[in-house]
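Residue-level structural notes
Here are the chains, one letter per residue:
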Amino acid sequence: MTDSNPSTAVKRIAVIGGGVSGLSAAHHILELSDEQQQPVEVTLFESQPESGGWIGTIDQGDYLIDTGADMFITNKPAGINLCKRLGLVDQLISTDTRYRGALVLSRGLTVPVPLGFELMTPSRMLPMLRTPLLSLWGKIRMGLEYFLPRRHSSNGLDQDDESLAHFVTRRFGKEALTRLVQPLVAGIYTSDPEKLSLRATLPRFLDMERDHRSLIKAARHQKKAARSQSDATGARYGLFAAFKGGMQTLTRTLAERVSERGTILYEHCVTHVVPSAGGDMR
Ligand SMILES: Cc1cc2nc3c(=O)[nH]c(=O)nc-3n(C[C@H](O)[C@H](O)[C@H](O)COP(=O)(O)OP(=O)(O)OC[C@H]3O[C@@H](n4cnc5c(N)ncnc54)[C@H](O)[C@@H]3O)c2cc1C
């Protein structure tokens, strides 16, 4: 502390790690410092010679290669909002519609995921009826989701968690899990859906059940709402967005902004954090 008045006393804040999380946190602290007129001294510690963590872009000839994340999801507004605040919106691109979609390897063949199927919820019926990925019973079982009641949580709270596998099997049946949801979700989380907490990974599906009872009903409702929103506001993004110059655009810009008003100490590995007598950390 360098001032006795609490509102103007400089708060010293350390951020450990210069991946996208640490950089965004440091940047947001500086934003809040302006908003609340609270002076801060931000120091970010990064063990490597450069920031970005798992996010990195290599420029090789005609190609840009993202070595980690190559896009981010837009239906959670935080990512897009951060891009707006950083002035990066004009550098955003969405996926090329010619190559949009996912394929599932089924009995040795690559089969497109039915149109309108998003992670676990179908919003269009005809493509679901036509897909060779599911048996007739699998399709009927998926369709029955529309009529299933909400889950009644054991403790009366809607915060009850369950595994992703349990949720999908309960709502859409085992076949939908193994032939559609598991291949898609595995590509994102690379982990066993029996061990994935739905609340931690895809909470919006729990919310859809809570708010609409049926996920199919909720997906159709959301589709209608998205359509009327895009009619009303014009520019919309696809489900995923990336940067023309690769994902490192984001971490590089964040690092520049943080360095302008704070300090980034590269090659500084934090090994321990010790609380001092006054409650500060050393
Ligand atoms: C191949 C791959 C593809 C991916 N694709 C996507 C995608 O398309 N979309 C998406 O949203 N996500 C994707 N992800 C996930 C996403 O990249 C990560 O979730 C995200 O980059 C993690 O950021 P982070 O800042 O939390 O952690 P990290 O990137 O791990 O950053 C942590 C930083 O802290 C530093 N550090 C660690 N310990 C210390 C210490 N003791 N002292 C100082 N510094 C320290 C590290 O050096 C590092 O720079 C992908 C991940 C991988 C690996």
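Only a predicted model underlies this, so the values are computations on that prediction, with no experimental measurement involved. (Residues numbered from 1 in each chain as written. Predicted model: local features only at pLDDT ≥ 70, side-chain atom pairs only at ≥ 80, totals over all residues. Heavy atoms only, no water.)

1. A word on the overall build of the protein
- Along its length, the protein carries ten helices and twelve strands.
- Buried residues in the protein amount to 35% of all 282 residues.
- Pairs at least 24 residues apart make up 69% of the contacts formed inside the protein by residues separated by at least 6 positions. (Helix = DSSP H or I, 4+ residues; strand = E, 2+ residues; numbered from the N terminus. Buried < 20%, exposed > 50% of the residue type's maximum accessible area, 1.4 Å probe, protein only. Contact = heavy atoms within 4.5 Å.)

2. A word on a nonpolar patch on the surface
- Where nonpolar side chains cluster on the molecular surface, the patch consists of L136, W137, I140, L144 and F147 and spans about 590 Å² of accessible area.
- On the secondary structure map, I140 appears in helix α4 (residues 136–144).
- Using a relative accessible area of 42% as the deciding quantity, one classes I140 as partly exposed. (Patch = residues over 30% accessible without salt bridge, like charges linked within 9 Å, V, L, I, M, F, W, Y side chains within 5 Å. Areas by Shrake-Rupley, 256 points an atom, 1.4 Å probe, with all protein chains shown as cover. Salt bridge = Lys/Arg side-chain N within 4 Å of Asp/Glu carboxyl O.)

3. Examining the packing of aromatic side chains
- Evaluated as defined, the whole model comprises two aromatic pairs.
- The interplanar angle of 80° and the centroid separation of 5.4 Å between the aromatic rings of Y146 and F147 together place this pair among those described as edge-to-face.
- Since its relative accessible area comes to 30%, Y146 is described here as partly exposed.
- Residue classification places F147 among the exposed positions, given a relative accessible area of 62%. (Phe/Tyr/Trp six-rings, centres within 6.5 Å; stacked < 30°, edge-to-face > 60°.)

4. Observations regarding the nonpolar core
- If you look at the biggest cluster of nonpolar residues, it comprises 31 residues, and the most contacted ones within it are M120 and L164.
- Secondary structure elements with two or more residues in this core: α5 (164–172), α6 (174–189), α8 (203–212) and α9 (215–233).
- Sorting elements by how many residues they give to this core places α6 first, with six residues.
- Here L164 is in contact with M120, V181, V185, P193, L196, L198, T201 and L202, once residues within four sequence places are set aside. (Core = buried A, V, L, I, M, F, W, Y, C linked by side-chain atoms within 4.5 Å.)

5. Observations regarding the packing of helix α1 (residues 20–35) against helix α2 (residues 77–86)
- At their nearest, the axes of α1 and α2 sit 13 Å apart, and the two run at 60° to each other. Taken together, the axis directions place α1 and α2 in an arrangement best described as oblique. Between α1 and α2 lies a crossing of left-handed hand. On the side of α1, the interface is formed by S24, H27, H28 and E31, while α2 contributes L82, R85 and L86.
- Grouping the constituent residues of the contact of α1 with α2 by class yields two nonpolar, three polar and two charged. (Axes fitted to C-alpha atoms, helices over the stretch in contact; angles between N-to-C directions. Parallel < 35°, antiparallel > 145°, perpendicular 65-115°, else oblique. Left-handed = near helix turned anticlockwise from the far one by under 90°. Nonpolar A, V, L, I, M, F, W, Y, C, P; charged D, E, K, R; others polar.)

6. Brief notes about the sheet that holds strand β6 (residues 92–94)
- Here we have three strands laid out as an open sheet, ordered β5-β11-β6, and antiparallel in their pairing. Both outer strands of the open sheet, β5 (72–73) and β6, are each paired with one neighbouring strand and no more.
- Bridge count between β6 and strand β11 (residues 240–243): three bridges; the pairing is antiparallel. Among the inter-strand pairings, L92 is bridged to a residue of β11, identified as F243. (Pairing = 2+ DSSP bridges.)

7. Digging into the site of the ligand
- The immediate surroundings of the ligand are formed by 20 residues, with S21, E46, W54, M71 and V270 found nearest.
- Interatomic distance of 3.1 Å between a backbone N/O atom of V20 and an oxygen atom of the ligand.
- For the ligand, a nitrogen atom lies 2.7 Å from a polar atom in the backbone of M71.
- Protein contacts shield 58% of the accessible area of the ligand, which totals 1,000 Å² for the unbound molecule.
- Of the residues belonging to the shell around the ligand, the class tally is nine nonpolar, nine polar and two charged. (Near = heavy atom within 4 Å. Polar contact = N/O pair within 3.5 Å; in protein donor to acceptor, adjacent residues only side chain to side chain.)

8. Concerning the environment of G143
- Relative to the assigned elements, G143 resides in helix α4.
- In the structure, G143 is positioned 30 residues away from G173 in sequence and 9.9 Å away in space, judged by C-alpha atoms.

9. Structural notes on the environment of L103
- You can see L103 is positioned in strand β7 (residues 103–106).
- If near-sequence neighbours (up to four positions away) are discounted, L103 is found in contact with T110, V111 and P112.

10. What to know about the side chain of T251
- Note that T251 resides in helix α10 (residues 248–261).
- Judged by its relative accessible area of 1%, T251 falls in the buried class.
- In contact with T251, other than residues within four places in its own chain, are V20, L23, G52 and I55.

11. Topic: a positive patch on the surface
- Together, R124, R220, K223 and K224 make up a region of like positive charge exposed at the surface.
- Relative to the helices and strands, K223 resides in helix α9.
- Relative accessible area serves as the criterion here: at 32%, K223 is assigned to the partly exposed category. (Lys, Arg positive; Asp, Glu negative; His and termini not counted. Charge placed at Lys NZ, Arg CZ, Asp CG, Glu CD.)

12. A word on the pattern of salt bridges
- Overall, the coordinates contain 14 salt bridges when judged by the stated rule.
- Between E162 and R170 there is a salt bridge, with its nearest N and O atoms 2.7 Å apart.
- With a closest N to O distance of 4.0 Å, D207 and R199 form a salt bridge.
- Judged by relative accessible area, D207 falls into the partly exposed class, the value being 25%.
- Taken together, the salt bridges that share partners define one network made up of E145, R151, E162, R170, R171 and E209.

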